[in-house]
Amino acid sequence: FPQSQQGEFCRVVPGEASLQPMIQRIQSIYLLAACILCVATMSTGIAHFHTLQGEPVADMYNLWFTMADGQHDLRPWSLFVLLLIVSTLSFLDILLFRRRALQMRVASFCMILLVGWYVVYGFFVWEAVESFHADFRPTVAAALPFAALVAQWLAFRGILHDERLVRSSYDRLR
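Keep in mind that what you see is a predicted model, and the values were worked out from it rather than measured.

**Quick word on the environment of phenylalanine 136**
Within the secondary structure layout, phenylalanine 136 lies in strand β7 (residues 135–138). Measuring from C-alpha to C-alpha, the distance between phenylalanine 136 and threonine 51 comes to 9.0 Å, with 85 residues separating the pair along the chain. Setting aside chain neighbours within four positions, we find phenylalanine 136 in contact with Ala47, His48, Phe49, Tyr121, Val125 and Val129.

**A word on the sheet that holds strand β5 (residues 65–67)**
Pairing is antiparallel across the open sheet formed by 5 strands, whose spatial order is β6-β5-β4-β3-β7. Looking at strand neighbours, the two that pair on one side only are β6 (72–73) and β7, the edges of this open sheet. Relative to β6, β5 runs antiparallel, the two being bridged by 2 bridges. Bridge pairing links phenylalanine 65 to aspartate 73 in β6.

**Section: the confidence of the model for the protein**
Residues at a pLDDT of 70 or more form 83% of the protein, whose mean pLDDT is 87. In this model residues 1–9 is a low-confidence stretch, pLDDT under 50, and it forms 23 contacts with partners more than four residues away in sequence or in other chains. When the criterion is pLDDT under 50, residues 17–22 qualifies, and its contacts beyond four places in sequence or with other chains add up to 18 contacts.

**A closer look at the environment of glutamine 103**
Relative to the helices and strands, glutamine 103 resides in helix α3 (residues 100–132). When near neighbours in sequence (up to four residues on either side) are disregarded, glutamine 103 contacts Arg25, Leu31, Asp93, Ile94, Leu96, Phe97 and Ile159.

Basis of the calculations
Residues numbered from 1 in each chain as written. Predicted model: local features only at pLDDT ≥ 70, side-chain atom pairs only at ≥ 80, totals over all residues. Heavy atoms only, no water. Helix = DSSP H or I, 4+ residues; strand = E, 2+ residues; numbered from the N terminus. Contact = heavy atoms within 4.5 Å. Pairing = 2+ DSSP bridges. pLDDT = per-residue confidence, 0-100.

Written out as structure tokens, the structure reads:
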């Protein structure tokens, strides 16, 4: 593969003398998937709370609780903020393809934030079960941050593979 002055892999465009950097790497797809999964989680309900008789008490979203009477309680706003940070960083991480070490650090930070999302989610569920005296039923959307965590991990592995490939090619040239 031809390399530019900065070391990233490039492709030669027929008819042009310049090299264009390749962004179409598999880790870019994983990072975009993580971004989309976080945005999907932000916009859907993540839990339902029902009494023992089955009457709805509240629905939990990443930004608020919607009570049965229609009122909103903004206690779980931190879940929304965590997903907003992860989705923004995942999207921006795609653009850092020239700086693989920084890209790996950002992906690691996003993975830590997604684990933190589940810790905070568990806290708010526990608090809601205690205060509402209700049963908890998670929705499918509550599993989407885990899928985003897996996508971040796969992206991290792809970035690490690229970094090792570039370093081995440097070592062979010496």
